[in-house]
Amino acid sequence: MKRLSLLVLLCAWLPAAGQSFEPFTFVQMSDTQIGFMDRSPGYGQSDSLMMAAVNAVNAVDPVFILLTGDLVNDPYDAVQDSIYRVRLAELKAPVYVIPGNHDMKGFSEEEHAHYMSMRGSDRFSFRSHDCAFIGFDSNCILNKATEFEAAQKAWLEAELAAARGARHIFVFLHCPIIREAIDERVDNSNFPVDKRGEYIGLFKKYGVTAVFAGHTHQEYDCEYDGIRFITAGPVGNAIGHGKPGYEVVRVTADGFTAEYVPTPGVKVRRPSFGGGFPGGRPGGFPGGRPGGRPERTN
């Protein structure tokens, strides 16, 4: 009888142990930013950019979509908000959203409360296909809202600890921690040096695979200390070497690939900022380079 019981248990276990990993695709969208660089009536130009991206992403048929902030240009503009909500509802896959700097006017209790009343949440954490997906707010970090940051960091570390053992841990925020190198100079499109070390150390501790960001309206991709740092260009208007588009991430049993895909049929518009770009380099942010970036495999 004992032998029979052991045989039954073994047979029940074998199919599960032999199951193959089911590949899947998710999409990162960022900086829909309705109203940015848009003087068209009723923000029609921003609307057309988001509509084109929504249609293209629906054709990819991802299992879900991660939207990394700057949803609108002005969080108090009802027209911008209405366009964003209408186009967001047209996405067929579930969407997880975190805030960008344009979704609050600075960081304060009042601004945070307004964002929460409009969007419902400033973070997310879920599991899918034996992978962990964790998104959090970079605004409280960069605006030195220490109490908010401390509470969020405690939540983040708890979520990372709970995700240990996942096939991949993917992290999402709005502002990049780094764009191209750990020693790049500090500007308004990356983290201060001390915060880079603090958060990268946390991610290294818990085995984070990749960190996805937006904010720059340009595409970047680099690796540091075994972690991939991917910065998506915007759904909305681009600057520098950027192009409106979205990040397509395909996860297989062997790893993952990330490819920035320019939105089909969209004409790139360039801004004419009198003061130049952050860092004083015309044509892009520090480290900017012409062209996009090819698909990479991890």
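Coordinates for the structure precede this section.
Just so we're clear, the structure is a prediction, and the values are computed from it rather than from any experiment.

S.K.: Requested: an account of helix α2 (residues 44–60), with residues and values cited.
M.R.: In this model, α2 (17 residues) spans 25 Å end to end at C-alpha, consistent with the 24 Å of a helix rising 1.5 Å per residue. The set of residues buried in α2 consists of Q45, S46, D47, L49, M50, A53, V54, A56, V57 and N58. Check the buried side of α2 and you find it contacts β1 (24–29), β2 (65–68), α3 (78–89) and β10 (245–252).

S.K.: Let's hear about the sheet that holds strand β8 (residues 220–224): which residues, and what values?
M.R.: What links the strands of a sheet is backbone hydrogen bonding, and the strands pair in either a parallel or an antiparallel sense. Spatially, six strands are ordered β4-β5-β6-β7-β9-β8 in an open sheet, and the strand pairing comes out mixed. Either end of the sheet is taken by a strand with one partner, and the two such strands are β4 (124–128) and β8. Ignoring strand direction, the axes of neighbouring strands in this sheet form an average angle of 15°. Pairing of strand β6 (residues 168–172) with strand β7 (residues 210–213), which is carried by three bridges, proceeds in the parallel orientation. What sits directly across from F172, in β7, is F212. Contacts from helix α7 (residues 193–206) reach β6, β7, β8 and β9 (227–231), with the element oriented near 125° to β9.

S.K.: With reference to specific residues and values, describe the packing of helix α6 (residues 146–162) against α7.
M.R.: One way to put it is that α6 packs onto α7 with a least axis distance of 9 Å and a crossing angle of 25°. Taken together, α6 and α7 sit at an angle that is classed as roughly parallel. In this structure, the crossing between α6 and α7 has a hand that is right-handed. Two secondary-structure elements touch here, α6 through E149, K153, L156, E157, L160 and A161 and α7 through K195, E198, Y199, L202, F203, K205 and Y206. Across the contact of α6 with α7, the residue classes break down as seven nonpolar, no polar and six charged.

S.K.: Tell me about the pattern of salt bridges, and please be specific about residues and values.
M.R.: Enumeration according to the criterion identifies 15 salt bridges in this entry. One network of salt bridges, in which partners are shared, links E149, K153, K195 and E198.

S.K.: Lay out the packing of α2 against α3 in plain terms, naming residues and giving numbers.
M.R.: In contact at an axis separation of 10 Å, α2 and α3 are set at 15° when each is read in the N-to-C sense. Comparing the axis directions of α2 and α3 gives the class roughly parallel. As for the relative orientation of α2 and α3, their crossing is right-handed in sense. Residues D47, M50, M51 and V54 of α2 form the contact with α3, whose participating residues are I83, Y84, R87 and L88. Of the residues belonging to the contact of α2 with α3, the class tally is six nonpolar, no polar and two charged.

S.K.: Describe in detail the pairing of β4, supporting the description with residues and values.
M.R.: Covered by surrounding structure in β4 are F124, F126 and S128 only, the residues S125 and R127 on the alternate face being uncovered. Pairing between β4 and strand β5 (residues 131–135): five bridges, direction antiparallel. Across the sheet, residue R127 finds its bridge partner in β5, namely A132. Following β4, the chain reverses through two residues before pairing antiparallel with β5; H129 in that reversal takes a positive phi of roughly 55°.

S.K.: Break down the pairing of strand β11 (residues 255–262) for me, with residues and values.
M.R.: The element β11 is largely enclosed, with a buried count of six among its eight residues. Note: β10 against β11, eight bridges, orientation antiparallel. Considered in β11, the bridge of V251 is made with F256. Where β10 hands over to β11, the hairpin turn is made up of two residues, counted between the paired strands.

S.K.: Mind laying out the nonpolar core, listing which residues take part and the relevant values?
M.R.: M29, L160, I177 and F203 are the most contacted members of the largest nonpolar core, which totals 52 residues. Not counting chain neighbours up to four residues away, the residues in contact with L160 comprise I134, I169, V171, L202, F203, Y206 and V208.

S.K.: Got a sec to walk through the packing of aromatic side chains? Specific residues and values, please.
M.R.: Following the criterion strictly, the structure yields 27 aromatic pairs and no others. On the basis of an interplanar angle of 40° and a centroid distance of 5.5 Å, the ring pair of F133 and F170 is categorised as tilted. Highlighted residues: F133 in strand β5 and F170 in strand β6, separated in sequence by 37 residues. Here F133 and F170 have matching classes, each one buried. Three or more aromatic residues joined by ring pairs make a cluster, and in this case those are F21, F24, F26, F64, Y96, F124, F126, F133, F170, F172, F212 and F256. The ring of Y199 carries the charged tip of K153 above its face, separated from the ring centre by 5.6 Å. Between the NZ or CZ atom of R179 and the centre of the ring of Y220, over which it lies, the distance is 5.8 Å.

About the criteria used
- Note on numbering: residues in each chain are counted from 1, in written sequence order.
- It should be noted that, the model being predicted, local features are given only for residues of pLDDT at least 70 and side-chain atom pairs only at 80 or more, the latter also being counted only at that level, while totals for whole chains, interfaces and linings use all residues.
- Values reported for side chains reflect all heavy atoms of the structure, with hydrogen atoms and water molecules removed beforehand.
- Numbering of helices and strands runs from the N terminus; a helix is a DSSP stretch of H or I covering at least four residues, while a strand is a stretch of E covering at least two.
- To estimate how far a helix should extend, the number of its residues minus one is multiplied by 1.5 Å.
- Three exposure classes are used, based on accessible area relative to the maximum for each residue type with a 1.4 Å probe and protein chains only: buried under 20%, partly exposed in between, and exposed over 50%.
- Residues count as neighbours in contact if any of their non-hydrogen atoms are within 4.5 Å of one another.
- At least two bridges found by DSSP between two strands is the condition for calling them paired.
- To define axes, lines are fitted to C-alpha atoms, for helices over the stretch in contact only, and angles between the resulting N-to-C directions are given on a 0 to 180 degree scale.
- Each angle gets one of four labels, with under 35 degrees taken as roughly parallel, over 145 as roughly antiparallel, 65 to 115 as roughly perpendicular, and the rest as oblique.
- Two helices cross in a left-handed way if the nearer one is turned anticlockwise from the farther one by less than a right angle. They cross in a right-handed way if the turn is clockwise.
- Three residue categories are used. Nonpolar comprises Ala, Val, Leu, Ile, Met, Phe, Trp, Tyr, Cys and Pro, charged comprises Asp, Glu, Lys and Arg, and polar comprises the others, including Gly.
- What makes a salt bridge here is a side-chain nitrogen of Lys or Arg within 4 Å of a carboxyl oxygen of Asp or Glu, nothing more.
- What we call a nonpolar core is a set of buried Ala, Val, Leu, Ile, Met, Phe, Trp, Tyr and Cys residues that are connected through their side-chain atoms within 4.5 Å.
- Any two of the Phe, Tyr and Trp rings considered here, Trp counted by its six-membered ring, make a pair once their centres fall within 6.5 Å; the pair's planes then place it as stacked at under 30 degrees, edge-to-face at over 60, or tilted in between.
- Any Lys NZ or Arg CZ that is within 6 Å of a ring centre and within 35 degrees of that ring's normal is treated as a charge sitting over the ring.

Don't take any of this as a statement about function, it's just geometry.
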